[in-house]
Amino acid sequence: MTVHTCHAVGCNEPVDAKLFMCKPHWFTLPSNIREAVWHHYRPGQEKDKRPTLEYLGAARRATTWLEAFRQKKLREWQQHADQNPTLFGF
Ligand SMILES: [Zn+2]
């Protein structure tokens, strides 16, 4: 059996098969996106590997949102580092 991991881009955190993401990533998502994922989740889909198209759509929105959020944070951090070089020791 393969280990099921978090669906966030670049995250390899092992999570229960019925969970979509690890806790830190999951709770970073806005509640409406989390609700959409749960709304379209069908119990047992992780076993028969047949999630609905609606679920895949919601899942895709979640990973896309999270990736955009990560990029934004990365840019903010980069800007902050550019403006405060001594703060980061370089
Ligand atoms: Zn994760």
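Residues numbered from 1 in each chain as written. Predicted model: local features only at pLDDT ≥ 70, side-chain atom pairs only at ≥ 80, totals over all residues.

### As for unusual backbone geometry
If you check the backbone angles, Lys49 has positive phi at about 55° while not being a glycine. Relative to the assigned elements, Lys49 resides in the loop between α3 (45-48) and α4 (53-83). Here Lys49 falls in the exposed class, since 6 other C-beta atoms lie within 10 Å of it. (Helix = DSSP H or I, 4+ residues; strand = E, 2+ residues; numbered from the N terminus. Buried ≥ 20, exposed ≤ 12 C-beta atoms within 10 Å, placed from the backbone.)

### Structural notes on α4
For α4, built from 31 residues, the straight-helix expectation of 45 Å at 1.5 Å per residue is met to within 8% by its first-to-last C-alpha distance of 45 Å. The buried fraction of α4 is low, at 3 of 31 residues. Buried within α4 are the following residues: Ala58, Ala62 and Leu66. Those residues of α4 hidden inside the fold are in contact with α1 (23-26) and α2 (31-40). (Expected span 1.5 Å × (residues − 1). Contact = placed C-beta atoms within 7 Å.)

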